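Read off the chains here:
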Amino acid sequence: MIDGHIHTPYCPHGSSDTLKSYIEQAIKCEYQSMTFTEHAPLPSTFEDPVPEKDSGMSFQQVEEYLNDIDRLKAEYKKEIHIQKGFEIDYIEGYEKEVEDFLNTYGPSLDDNILSVHFLKGKSQWYCIDYSPDMFKEAIYDFGGIERLYQAYYHSLNQSVLSDLGKYKPTRIGHMTLVKKFQHLYPSPENWEKKAHKFLELVRDHGYTLDYNGAGIVKEHCKETYPPLPMARQASSMGIPLIYGSDAHTASSLGQGYDSIDSRLLKL
Ligand SMILES: [Zn+2]
Ligand SMILES: [Zn+2]
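Residues numbered from 1 in each chain as written. Chains lettered and ligands numbered in written order. Predicted model: local features only at pLDDT ≥ 70, side-chain atom pairs only at ≥ 80, totals over all residues. Heavy atoms only, no water.

Right, let's talk about the coordination of the zinc ion (ligand 1) for a bit. Protein coordination of the zinc ion (ligand 1) is provided by H13 (NE2), H39 (NE2) and H248 (NE2), with donor distances spanning 2.0 to 2.1 Å. Here the zinc ion (ligand 1) and the zinc ion (ligand 2) are spaced 5.6 Å apart. Separated by 26 residues along the polypeptide, H13 in the loop between β1 (2-6) and α1 (19-28) and H39 in strand β2 (residues 33-39) bring together distant segments of the chain. With a relative accessible area of 35%, H13 lands in the partly exposed category. (Donors = N, O, S within 2.8 Å, 3.2 Å for Na, K, Ca; no water. Helix = DSSP H or I, 4+ residues; strand = E, 2+ residues; numbered from the N terminus. Buried < 20%, exposed > 50% of the residue type's maximum accessible area, 1.4 Å probe, protein only.)

Next comes the structure, spelled out in structure tokens:
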């Protein structure tokens, strides 16, 4: 059991469960390997569109976060393989700041994820997985749900194509996050076509995918990111899939694992 996407108490919108409690729970769940991927601090010139301004961890805590994991890695090394990393936001137009961050911390990191949560509409930025209300506002601002999906997959494609320097993560987070509220706002008919183009790009660049179980427990989503047929398609194209619980509490480690096809996972 490998889990490549786990949050921590350093996440300001997560829980205060300790790193140790995540590790103990992981051992109980018979994990062999776990990667802590806290939301990296957002670029300082980017204004978080979420009212609480809590989408990423603070810059002041980065060193403490990394040191804490190093200490626990050593302490638990006989029991479980612990990896240290970040979930990095790909935000169009902010590549330089992200590259600077990666150049600073990249050399000490083991494993990272690159994700798209933020899209720029006509009038402002949106965090597409924040709330049904913000998602609805985004649909209006973009001029319909099809355009919103278009913008999401455009940004995902750019995340693969962008130059973020030599420490750029090569695993893309939850590639169907735009479907989080799909039972309230159904996906446009042709969405798979856009997603398929993205898969081709992932394959051509030798990237991998976060096979994320969190969507299953979200009441308006009820499917993994990506859903099973798309995970099978990705796998048949030779794209490695790495399970991610995207846990924001220790007890949600392993979430969605029952709903994924574990035969598709990269070992
Ligand atoms: Zn989070
Ligand atoms: Zn994420």
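Okay, the packing of α1 against helix α2 (residues 62-75) next. As a packed pair, α1 and α2 sit with axes 11 Å apart at the nearest point and diverge in direction by 35°. Taken as a pair, α1 and α2 cross one another with a handedness that is right-handed. Counting all contacts with α1, which are made through L19, K20 and I23, the residues of α2 involved are D68, I69, L72 and E75. For the contact of α1 with α2, the residue count by class is four nonpolar, no polar and three charged. (Axes fitted to C-alpha atoms, helices over the stretch in contact; angles between N-to-C directions. Left-handed = near helix turned anticlockwise from the far one by under 90°. Contact = heavy atoms within 4.5 Å. Nonpolar A, V, L, I, M, F, W, Y, C, P; charged D, E, K, R; others polar.)

Moving on to the UniProt feature "domain: PHP" (unreviewed entry) in the chain. With numbering aligned to this structure, UniProt lists the feature "domain: PHP" (unreviewed entry) at residues 3-212. Between the C-alpha atoms that bound residues 3-212 there is a distance of 9 Å. The span itself is 37% helix and 17% strand. (UniProt positions renumbered as here; feature names shortened; annotations may be inferred.)

Let's shift gears to the packing of helix α6 (residues 191-204) against helix α7 (residues 228-236). Packing of α6 against α7 leaves a shortest axis separation of 11 Å and a crossing angle of 30°. In this view, α6 runs roughly parallel relative to α7, as classed from their interaxial angle. The interaxial crossing formed by α6 with α7 has right-handed handedness. Facing α6, whose interface residues are W191, E192, A195, H196 and L199, α7 presents M230, Q233 and A234. Residues that form the contact of α6 with α7 fall into these classes: five nonpolar, two polar and one charged. (Parallel < 35°, antiparallel > 145°, perpendicular 65-115°, else oblique.)

Turning our eyes to something else, we now look at the side chain of N212. Its location among the elements puts N212 in strand β8 (residues 208-212). Of note is the side chain of N212, whose polar atom sits 3.0 Å from the side chain of D210. Apart from the residues lying within four places of it in its own chain, the contact partners of N212 are H5, H174, T224, Y225, G244, S245 and D246. (Polar contact = N/O pair within 3.5 Å; in protein donor to acceptor, adjacent residues only side chain to side chain.)

Taken together, E87 (OE), H117 (NE2) and H174 (NE2) make up the full set of protein donors to the zinc ion (ligand 2), lying 2.1 to 2.3 Å away. In the primary structure, the donors to the zinc ion (ligand 2) are separated according to the pattern E-x29-H-x56-H. For E87, a relative accessible area of 0% gives the class buried. By relative accessible area, which is 2% here, H174 ends up buried.

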